[in-house]
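Next come the chains, spelled out residue by residue.
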Amino acid sequence: SRGDDLLRAFGLTPRESQVARLLAVRRTDPEIAAELSISVRTVATHVSAVLRKLSVKSRREVAATLAGLDNVGVDRRAPLRRRTAANTAQTAAA
């Protein structure tokens, strides 16, 4: 797709593109790990690569960068979850 082509232009692998899309909708590392069936440590490695390849320093900047691109598959209507003690405990228990 055009969105995948745009992300590949930054040098992102298909998995890094998936992680970037999830970062853009403010998913935590444990949430990303659960969704992609990978370890939290692997997510952290992918997040570092995404930040480096997009030349940004924060997850918010990833979201802003992807928002500036058309058709990258980010659902901007997805709820933005704030990290609370309750959902952090839920994620840790999963």
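These numbers come from a predicted model, not from an experiment. (Residues numbered from 1 in each chain as written. Predicted model: local features only at pLDDT ≥ 70, side-chain atom pairs only at ≥ 80, totals over all residues. Heavy atoms only, no water.)

Peer 1: Tell me what's going on with the packing of helix α2 (residues 14–24) against helix α5 (residues 59–67), and back it up with residues and numbers.
Peer 2: Packing of α2 against α5 leaves a shortest axis separation of 8 Å and a crossing angle of 100°. As judged from the angle between their axes, α2 and α5 are roughly perpendicular. Contacts between α2 and α5 involve Ala 20, Arg 21, Leu 23 and Ala 24 from the first element and Arg 59, Val 62, Ala 63 and Leu 66 from the second. Looking at the contact of α2 with α5 residue by residue, the classes come out as six nonpolar, no polar and two charged. (Axes fitted to C-alpha atoms, helices over the stretch in contact; angles between N-to-C directions. Helix = DSSP H or I, 4+ residues; strand = E, 2+ residues; numbered from the N terminus. Parallel < 35°, antiparallel > 145°, perpendicular 65-115°, else oblique. Contact = heavy atoms within 4.5 Å. Nonpolar A, V, L, I, M, F, W, Y, C, P; charged D, E, K, R; others polar.)

Peer 1: Before we move on, can you summarise the packing of helix α3 (residues 29–36) against helix α4 (residues 40–53) with the specific residues and values?
Peer 2: Where α3 contacts α4, the axes come no closer than 8 Å and their chain directions differ by 110°. In this view, α3 runs roughly perpendicular relative to α4, as classed from their interaxial angle. Only Val 40, Val 43, Ala 44 and Val 47 of α4 make contact with α3, whose side of the interface consists of Asp 29, Pro 30, Ile 32 and Ala 33. A breakdown of the residues in the contact of α3 with α4 according to their chemical character gives seven nonpolar, no polar and one charged.

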